[in-house]
Structure formats: structure tokens, C-alpha cells
Amino acid sequence: MPGHPVSASAVEQVKQDVQQLEELFDQHDVVFLLLDTREGRWLPTVLGASKRKLIMNAALGFDTYMIVRHGMKCSSADAAAIDTGLKGSLGEAIPGSQLGCYFCNDVVAPGDSTKDRTLDQQCTVSRPGMSMMVSALIVELMVSVLQHPDGAYATADTSARDAHLTAEVTSVLGLVPHQIRGFLSRFYHLMPSSFAFDKCTACSPMVLSEYEAKGFDFLLKVFNEPNSYLEDLTGLTQLHQQSHELDVWELSDDDSLSP
């Protein structure tokens, strides 16, 4: 996992574990990510994007949860064909090939999220019925996705209003949202959708190209130095620098920059 360095004595064992995980991905069509940490989801997310697998991800807090189906990557030619077929018919919908993953809303690389945190901050404590609720919802979402004519490439609507329940964004079982965010304290759901981030630390083209070209050597470097390496690779470091440089000065007609 990123942020959990691998010692020299453990490299061979970790390499075998990664190979076993890659083989499991090759043998299955759908992968559920039900992990305790953010960094624990990074490698499965990379593998799912690279191997074109449907990734169903669930994350729990104390009384909040998030379910997300990762966007399914496709070739440029396929993406163009999909986009052409959808153009003008979807309104507020995002094609399945352009949906983001769990990490696409982040502007920092994953690291050790368990260090210097109390038990309740490590997402290990949640209300007693929530894990069963989320497990049921994520399975139902998977079934709806698989029943859609486009399968894992199913578009995701950005609204649950009746006017948006079109044939393009529903399966025979109803909506196929990108995300389901639940708030148990209010018994309330949101269903946002978001585009894939071109600087994502898990599913961006730069990350996938490095993984597919260098394999375990790339992964080992990420495990040992996630922040600097992943952020430099994806362009997040430059993005951070640009944000620091964009200080906006508001001056009146009477103000001056001179001392």
C-alpha cells in the first residue's frame, strides 16, 4: 500500500502477493473493494482500471457511507464511438467510460492514513446496521449495472428527477448511479456523479502507463515514496504550486502596491 514502505527482506513476498492479486483480477469480472483504509484501495483501483474490470467500492464512516462504481476505461476509438452515440441524448449524464474512481476527487496522493489517528478516525467504528445496509446497496447497484444494455459502460445520471429517467441512463431495474452517499443520522441519500480526473493518482493515463510498462518496480516505488512520486508523475505537484501562485489581490482605486 502507498505509504507503507516495503523492507528489502519483504520485497519477494510482496511481489508474490501482488502477482496473486493480479491473477485474481484476471479471473474475475467484478471486484468489490471493502477495505478499511484509503491507501488499501489504491492498488486494486489501478489493477481494475488497467485490466478493464468493474470495480464496486464501498467506504464507511461512523454514520456516513459512500458507494461508487468506478468508470470503465476503454480505447480511444471505443470512447469516441460511445461519445458520438450519446451526444445530444443525455442532458445531465456522464458516459460510463468517463466516470471517476474513488481517488478522482483527491488532489493529494494516498499515504499512511492510520498513523497518529484515534480508533474512530480510522473508519473502524460505525453504526451496527450500516455494514449490512451498504453491502445490500452495493450488490443491488452491481446488478443494475449488469442489467443495463451497456453493462459497465452504463451512463450515470446526475439527477434522480423523473424527467431524467431516460432509457440511456436506466436499466430494466431502474437508475444506475455513479455514487450513492448515505447519511444515516438523517436517513438520507445523495447520488452525485463526477468525471474522471486527468491527474488522478490511481486511474489517470500516466499512472496506468507506468504500471503497464514497469509492473512491480513501479508499484514498489509507490509503496515506498507515494506522495512525492505519484504527485510528481500525475502533475499534482505542479497543480499545488500553481494554486499557491494564484494569490488574488483586490485593490481599490486608491490602493497602491508601492511601500
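As the structure is a computational prediction, the values presented were derived from the model and not from experiment.

### So, the pairing of strand 1 (residues 30–33)
- Only one face of strand 1 is buried, namely the one carrying Val 31 and Leu 33, since none of Val 30 and Phe 32 on the opposite face is buried.
- In this sheet, strand 2 (residues 54–60) lies alongside strand 1 in parallel orientation, the contact comprising four bridges. Bridged to Val 31 within strand 2 is Ile 55.

### Topic: the sheet that holds strand 9 (residues 188–190)
- Spatial ordering of the open sheet is given by 1-2-3-8-9, a layout of five strands whose pairing is mixed. Lying at the two open borders of the sheet, with one neighbouring strand each, are strand 1 and strand 9. On average, each strand axis in the sheet is inclined to that of its neighbour by 15°, with strand direction left out of account.
- Across three bridges, the pairing between strand 8 (residues 179–183) and strand 9 is antiparallel.

### Details of the packing of aromatic side chains
- Applying the stated criterion across every chain, the model contains four aromatic pairs.
- Ring geometry for Phe 183 against Tyr 188: centres 6.5 Å apart, planes inclined by 35°, an arrangement best described as tilted.
- By way of ring pairs, the aromatic residues Trp 42, Phe 218 and Tyr 229 are connected into one cluster.
- Lying over the aromatic face of Tyr 102, Arg 41 brings its terminal NZ or CZ to 5.1 Å of the ring centre.

### Things to note about the nonpolar core
- Residues Trp 42, Phe 218 and Leu 219 are the most contacted members of the largest nonpolar core, which totals 35 residues.
- At the level of secondary structure, the elements contributing two or more residues to this core comprise helix 1 (11–27), strand 1, helix 2 (42–51), strand 2, strand 3 (64–69), helix 5 (205–214), helix 6 (216–224) and helix 7 (226–234).
- In contact with Phe 218, other than residues within four places in its own chain, are Trp 42, Val 207, Glu 210, Tyr 211, Tyr 229, Leu 230 and Leu 233.
- Counting 17 residues, the second-largest nonpolar core is a separate cluster that includes Ala 58, Met 72, Val 145 and Val 176.

### Describing the side chain of Glu 22
- Among the secondary structure elements, Glu 22 is positioned in helix 1.
- Although Glu 22 lies buried, it forms no salt bridge, and the closest oppositely charged side chain, Lys 51, sits 5.5 Å away as judged by the N-O distance.
- For Glu 22, the residues in contact, after removing those within four places along its chain, are Leu 47, Lys 51 and Tyr 211.

### As for the confidence of the model for the protein
- Per-residue pLDDT for the protein averages 84, and the proportion of residues at 70 or more is 79%.
- Segment residues 81–90: pLDDT under 50, and twelve contacts once partners within four positions in sequence are set aside and those in other chains are kept.

### Some thoughts on the packing of helix 1 against helix 6
- Direction vectors running N to C along helix 1 and helix 6 enclose 115°, while the axes themselves pass 11 Å from each other. Here the hand of the crossing between helix 1 and helix 6 comes out right-handed. Of helix 6, the residues touching helix 1 (which contributes Val 11, Val 14, Lys 15 and Val 18) are Phe 216, Leu 219, Leu 220 and Phe 223.
- Class assignment of the residues belonging to the contact of helix 1 with helix 6 gives a composition of seven nonpolar, no polar and one charged.

### Describing helix 4 (residues 130–147)
- For helix 4, spanning 18 residues, the distance from its first C-alpha to its last is 26 Å, which sits close to the expected 26 Å at 1.5 Å a residue.
- The set of residues buried in helix 4 consists of Met 130, Val 134, Ile 138, Leu 141, Met 142, Ser 144 and Val 145. The arc that holds every buried residue of helix 4, seen down its axis, measures 165°, which confines them to one face.
- Where helix 4 is buried, its residues meet strand 1, strand 2, strand 3, strand 6 (170–171) and strand 7 (174–175).

Scoring rules and cut-offs
Residues numbered from 1 in each chain as written. Predicted model: local features only at pLDDT ≥ 70, side-chain atom pairs only at ≥ 80, totals over all residues. Heavy atoms only, no water. Buried < 20%, exposed > 50% of the residue type's maximum accessible area, 1.4 Å probe, protein only. Helix = DSSP H or I, 4+ residues; strand = E, 2+ residues; numbered from the N terminus. Pairing = 2+ DSSP bridges. Axes fitted to C-alpha atoms, helices over the stretch in contact; angles between N-to-C directions. Phe/Tyr/Trp six-rings, centres within 6.5 Å; stacked < 30°, edge-to-face > 60°. Lys NZ or Arg CZ within 6 Å of the ring centre and 35° of its normal. Core = buried A, V, L, I, M, F, W, Y, C linked by side-chain atoms within 4.5 Å. Contact = heavy atoms within 4.5 Å. Lys, Arg positive; Asp, Glu negative; His and termini not counted. Salt bridge = Lys/Arg side-chain N within 4 Å of Asp/Glu carboxyl O. pLDDT = per-residue confidence, 0-100. Left-handed = near helix turned anticlockwise from the far one by under 90°. Nonpolar A, V, L, I, M, F, W, Y, C, P; charged D, E, K, R; others polar. Expected span 1.5 Å × (residues − 1). Arc of directions from axis to C-beta.

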